[in-house]
Every structure is written in structure tokens, then in C-alpha cells.
Amino acid sequence: MFAKIKRIPNFVNDKIARGEPVFSMTVRLVRGAEIGAIAAAAGFDALYIDLQHSGISIETAGQISIAALAMGVAPFVRVPGVDPHIITSALDAGAIGVIVPDMHSAEDARAVVRCAKYRPEGERSLPGIMSQLGYRSLPASEATAELNAAITIVAMIESAAGLAAADEIAAVPGVDILLVGANDLCTEVGVPGQFDHPIVEEAYSKVLAACRKHGKALGVGGLASRPDLIKKYVAMGGLYVSLGADLSMLVNAATQKRKEIG
């Protein structure tokens, strides 16, 4: 399969370029590579392995990423923060995108681009043979160009500071998606769990305006418990949609199944 690949597939980038929403599953529970096949069977376009809120290792994230890509699911990793070592390690292990929480400024965004992209777009160390390239041996210039084109950088806007800097973050070359983290944003501004609060709609409106101004995509996150609001913000213009974590999905399905019996 890999030998026939002419470019690194990134199903998220491809659908967003066509103006189509993409749907992502968060991985916090499953440590096996089969989660990529499960996500594909369930109709997801992407998954992200959450290193911020789980004990999953970089090694495990890499194995899941390699398997997911082969199954037609774009593998991203949510790193704990703006940490150059973890960002580059996640990408070296097999991910084709990083989701970075707590982005507060354009400088944060530029720091992520520097460590996620190869020259001339960033300053990442040159690769050897990479899994994303199907282990093809390519000239360095060709390999880095393919990787730079495929890698997706998602900046999470989940604080008042990040929201205030949304336009500046969206203006940074190399940032592809601004993902509004409604859950953390509500908590940070003192209205935890109040997803109907005006601050949420204001946040989406402001970030969407920044995305449209700078040619970036709006991400919808933190609303897994409110499918009505997810639909609302997708209709508004959201293109990258986080539908919740494997753990929550298991608990919800198991609870529902138990209730069916009485």
C-alpha cells in the first residue's frame, strides 16, 4: 500500500480544502492500534491521541498514528502545551498533526510552527526515513516538502487571553485550524458547563471572523455533551469537529445499553 503513495494523505486537510466538515474522535482510553480501524468503521475522518489528559506514551501514540493513517484516518496528537520536545517527538513518531492547548499569543503559535515544520517554514531537525512517507527513501528536500505540506497545526483557543489574541494567532503562517475549547473556556471565565452562555457564541463568532480573515479553519471542541450546539457551530462555519473521547463514548453506550434492560 505505502509504496504506491505519491503524497502523504491528510484526510482533514483534503476535506477542509473542499469546505466539508471533518469529524474527530479523541483517544484517551484505548492503547491499541485497533482504535484507528474502529474510528474508520464509525465514519470518523480523524482521531487525536490526548497526551494532555491521559497516561498514553509517545511510543503508543506513534503506533496508533501509523495504524490510523493506513486505515484512512488522519492521526493527530494533542500535546500538553507549547513544548518543542513533545511536539517534535509526536510528529517523529507518526502523527501528521498536533493540537496545542493553551495558545495565548502569536508568539506561542510561531513557536509551535518553528518546531513542527522543516525549513524554510520552521526549524525542525531534518528527518531520516519517516513512517508518514511510507518509509520511502527520498531526497531531504522532497521529504521535508511533503511533510510540511501534510502536517496540520491546530491552535486551541480556550482562555480569555487566547480569545483576545485570536486574530494574531490566525495570522501566523503554518497554523491551519483554530479550535475553540468551549469546556475550558467556560471554566476559565467563571461559567463552567454553561455552554449556552453568550461568551461561547461570542467566542465562536470572534474566532470564525479571524479564521475567515486569514484563510484558516474553525474548529469546534468541548461540546461533546451538546450535539445541538455542535450542529449550530458547524452550520455557522465550523469545519474541524471534535465529537468526544473514546472513554466517554464507551461509558455512554454502556449506560444506555444497561438502561435498555431496565
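Structure first, text after, so check above.
It should be emphasised that the depicted structure is a prediction, and the values quoted were computed from it without experimental measurement.

What to know about the packing of helix α10 (residues 198-214) against helix α11 (residues 227-236)
Here is step 1: Running from N to C, α10 and α11 point in directions that differ by 30 degrees, and their axes come no closer than 11 Å. As far as their axial angle goes, α11 and α10 are roughly parallel. As for how α10 packs across α11, the hand of that crossing is right-handed. Across the interface between the two elements, Val200, Glu201, Tyr204, Ser205, Leu208 and Arg212 of α10 pack against Lys232, Tyr233 and Met236 of α11.
Here is step 2: Tallied by class, the residues present in the contact of α10 with α11 amount to five nonpolar, one polar and three charged.

Focus: the sheet that holds strand β5 (residues 152-157)
Here is step 1: Within the closed barrel, the eight strands sit side by side as β1-β2-β3-β4-β5-β6-β7-β8. Their pairing is parallel. Taken pair by pair, the neighbouring strands of this sheet meet at an average axis angle of 25 degrees, ignoring direction.
Here is step 2: Here strand β3 (residues 74-78) runs beside strand β4 (residues 97-100); their pairing, made up of three bridges, is parallel. When the sheet's bridge partners are listed, Arg78 is paired in β4 with Ile99.

Things to note about the pairing of β3
Here is step 1: In terms of residue burial, β3 counts as a mostly covered element, since five of its five residues are buried.
Here is step 2: Here β3 shows a buried face lined by Ala74, Phe76 and Arg78 and a second buried face lined by Pro75 and Val77.
Here is step 3: Pairing geometry for strand β2 (residues 46-50) and β3, over five bridges, is parallel. For Leu47, the partnering residue across the bridge sits in β3 and is Pro75.
Here is step 4: After leaving β2, the chain enters helix α3 (residues 58-70) and then returns to the sheet as β3, a path that is right-handed.
Here is step 5: Considered for its hand, the β-α-β crossover made up of β3, helix α4 (residues 84-93) and β4 is right-handed.

Calculation notes
Residues numbered from 1 in each chain as written. Predicted model: local features only at pLDDT ≥ 70, side-chain atom pairs only at ≥ 80, totals over all residues. Heavy atoms only, no water. Axes fitted to C-alpha atoms, helices over the stretch in contact; angles between N-to-C directions. Helix = DSSP H or I, 4+ residues; strand = E, 2+ residues; numbered from the N terminus. Parallel < 35°, antiparallel > 145°, perpendicular 65-115°, else oblique. Left-handed = near helix turned anticlockwise from the far one by under 90°. Contact = heavy atoms within 4.5 Å. Nonpolar A, V, L, I, M, F, W, Y, C, P; charged D, E, K, R; others polar. Pairing = 2+ DSSP bridges. Buried < 20%, exposed > 50% of the residue type's maximum accessible area, 1.4 Å probe, protein only. Right-handed = clockwise from strand over helix to strand, strands pointing away.

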